[in-house]
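Commentary on secondary and tertiary structure
Given next are the chains, with one letter for each unit.
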Amino acid sequence: MAAYDFDTPVDRRGTWSVQWDGVADRFGTPGLLPFTISDMDFASPPEVLDALRSRIDHGVFGYTDWRHEDFLSAVRDWFALRHDTAIDTDRLVYAPSVLNQLSQLLRMWTEPGDGVVVHTPVYDGFRKAVLGLGRELRGVPVGDMDALAVELARPDSKVLVLCSPHNPTGRVWTEAELTRTAELARTHGVAVVSDEIHADLVHPGTAGGLRHLPWTRFGSGRWALITSASKAFNFPALSGSYGIVGDPDDHAEFLRRMTTAEGLASPAVLSLSAHIAAYRRGADWLGALDAYVTGTLRMVERRLADAFPQLGWVPPQAGYLAWIDLRPLGVPEAALQRELIDRERVAIMPGSVYGPEGEGHVRLNVGCPRPKAERGVEALIQAVRRLM
């Protein structure tokens with residue numbers, strides 16, 4: 001495996017970064033050290049950067065098609081090698097982002113007022129998409145299969161949005177849970193949209209030792225898997241995602257809407273280049289990233305165990321987002337945020353961003369060089385101690 005450098009900081013200030021330059025928009029104070037939005041402070045893999053440079057050197061950026069074997073085979077082979085899953089590339093679709101895909105599928109499969117079921121705490125992008133389309137958001141606690149059965153049985157519950165692995169908790173669903181979810185959806189005629197953008201960031205060595213199982217293994221009836229290489233390989237600003245739509249008629253309708261009403265027939269060519277390079281040549285980098293992030297999460301675990309053993313915090317099974325339940329410490333969220341912002345000068349996402357079920361938690365982004373992550377967890381510890 002090639003040696004990759006995750007320790008050297010990359011200065012992101014002044015690059016229009018939402019996490020760095022936009023911190024005042026969310027936290028009301030400029031200049032904070034951010035541990036917020038779900039992107040990493042690491043440069044994309046050298047293999048991806050080389051592919052982008054090569055495409056830029058070509059110099060012509062005309063209209064582009066994604067339906068070619070270079071892209072399709074890269075996706076097909078990645079699923080086979082990474083997830084031991086065969087996929088039908090005849091069912092692939094393409095869109096600017098996974099949330100764009102979700103919105104399109106909700107328009108296809110629901111009407112205003114219909115229920116859309118999600119697991120709580122819920123990624124705030126899901127809430128905005130569902131409520132913005134005039135649908136009713138219906139939450140069930142993560143892992144509560146009985147509550148899920150009740151919500152899916154409601155006659156006007158039309159879609160389940162499955163986040164797999166789950167954001168913000170970093171939970172990886174078991175085969176038994178996915179099988180039961182598929183049975184419930186099939187029984188009640190509920191379509192499933194599985195957002196699997198965090199799938200390539202599963203940590204096999206963490207609690208449970210689970211691996212990601214794509215929804216293509218479980219889906220029947222109406223279903224779609226939506227994803228992108230942009231999360232794992234850190235190029236979300238290149239704007240590109242793809243999906244797999246199970247039903248042939250739904251697949252055709254999705255493509256029709258994207259190329260007509262949405263006017264999105266031509267993808268961003270640099271995103272295509274990045275996807276192909278990531279899937280063809282990025283596996284070693286991703287393995288090194290996983291080892292680095294896992295080490296950072298274990299550092300967070302040790303620091304929290306030393307400071308607050310009553311929390312019993314364990315690292316997430318996937319991703320670089322540390323979802324930390326502070327409720328046993330009785331620390332008010334508003335007061336904690338003021339300490340973090342005014343005294344520690346850091347921005348850490350409050351759990352309430354992800355709904356009422358997230359209150360009392362924080363989501364600490366540790367997709368960064370370890371010294372920065374150490375500063376973030378130490379700031380959190382000091383702020384909590386002052387409030388206890």
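Notes on the structure follow. (Residues numbered from 1 in each chain as written. Predicted model: local features only at pLDDT ≥ 70, side-chain atom pairs only at ≥ 80, totals over all residues. Heavy atoms only, no water.)

What about the sheet that holds strand S7 (residues 223–227)?
Read from one edge to the other, the open sheet built from seven strands follows the order S2-S8-S7-S6-S5-S3-S4, with strand pairing classed as mixed. Every other strand in the sheet has two partners, leaving strand S2 (92–95) and strand S4 (136–141) as the edge strands with one partner each. Averaged over all pairs of adjacent strands, the angle between strand axes in this sheet comes to 25°, irrespective of strand direction. Sheet topology note: the strand S5 (residues 157–163)/strand S6 (residues 191–195) ladder contains five bridges and is parallel. Bridging from a neighbouring strand, Leu 162 pairs with Ser 194 of S6. Where helix H9 (residues 248–259) meets the sheet, its contacts fall on S2 and strand S8 (241–245), and the angle it forms with S2 comes to roughly 25°. (Pairing = 2+ DSSP bridges. Helix = DSSP H or I, 4+ residues; strand = E, 2+ residues; numbered from the N terminus. Axes fitted to C-alpha atoms, helices over the stretch in contact; angles between N-to-C directions. Contact = heavy atoms within 4.5 Å.)

Remarks on the packing of helix H2 (residues 46–58) against helix H10 (residues 269–281)
Orientation of H2 relative to H10, taken along the N-to-C sense of each, is 140°, at an axis distance of 8 Å. Seen along the crossing, H2 lies across H10 with a hand that is right-handed. Residue-level contacts link Glu 47, Val 48, Ala 51, Leu 52, Arg 55 and Ile 56 of H2 to Val 269, Leu 270, Ser 273, Ala 274, Ala 277, Ala 278 and Arg 281 of H10. By residue class, the composition of the contact of H2 with H10 is nine nonpolar, one polar and three charged. (Left-handed = near helix turned anticlockwise from the far one by under 90°. Nonpolar A, V, L, I, M, F, W, Y, C, P; charged D, E, K, R; others polar.)

Let's talk about the pairing of strand S3 (residues 115–120)
The element S3 is largely enclosed, with a buried count of six among its six residues. Sheet topology places S3 next to S4; six bridges connect them, and they run parallel. In the sheet register, Val 118 faces S4, and the bridge partner there is Gly 139. In this region the chain leaves S3, passes through helix H5 (residues 124–132) and returns to the parallel neighbour S4; the handedness of that crossover is right-handed. With four bridges joining them, S3 and S5 adopt parallel strand pairing. Counterpart to Val 117 in the pairing with S5 is Leu 160. (Buried < 20%, exposed > 50% of the residue type's maximum accessible area, 1.4 Å probe, protein only. Right-handed = clockwise from strand over helix to strand, strands pointing away.)

Quick notes on the pairing of strand S10 (residues 346–350)
For a regular strand, side-chain orientation follows a simple rule: the groups alternate between the two sheet faces. Counting buried positions along S10 gives five out of five residues, so the element sits mostly inside the fold. Strand direction decides the pairing type here: strand S1 (residues 33–35) and S10, joined by three bridges, are parallel. Pairing of Pro 34 across the sheet is with Ala 347, part of S10. Across two bridges, S10 lies against strand S11 (residues 361–365) in antiparallel orientation. In the strand pairing of S11, Pro 350 is matched with Val 362.

A few points about the environment of Pro 214
Position of Pro 214 among the secondary structure elements: in the loop between S6 and S7. Classification of Pro 214 by relative accessible area gives buried; the value is 0%. Along the primary structure Pro 214 and Asp 7 are separated by 207 residues, whereas in three dimensions their C-alpha atoms are 32 Å apart. Beyond its immediate stretch of four places on either side in the chain, Pro 214 contacts Phe 79, His 83, Thr 85, Glu 196 and Leu 225.

Some remarks on the environment of Ser 273
Looking at where Ser 273 falls in the secondary structure, it is placed in helix H10. Considered as a pair, Ser 273 and Leu 178 are 95 residues apart in the sequence and their alpha carbons are 33 Å apart. Apart from the residues lying within four places of it in its own chain, the contact partners of Ser 273 are Ala 51, Leu 52 and Arg 55.

So, the nonpolar core
The nonpolar side chains of soluble globular proteins are, as a tendency, buried together. Counting residues in each nonpolar core, the largest one holds 113 residues, and the members touching the most others are Phe 71, Phe 233, Leu 289, Ile 324, Leu 326, Leu 336 and Leu 380. Looking at this core, the element that brings in the most residues is helix H11 (residues 283–307), giving 11 residues. Setting aside anything within four residues of it in sequence, one finds Leu 326 in contact with Leu 311, Val 331, Leu 336, Gly 360, His 361, Val 362, Leu 380 and Val 384. In this structure, Val 23, Phe 27, Ala 347 and Val 353 belong to the second largest nonpolar core, which totals nine residues. (Core = buried A, V, L, I, M, F, W, Y, C linked by side-chain atoms within 4.5 Å.)

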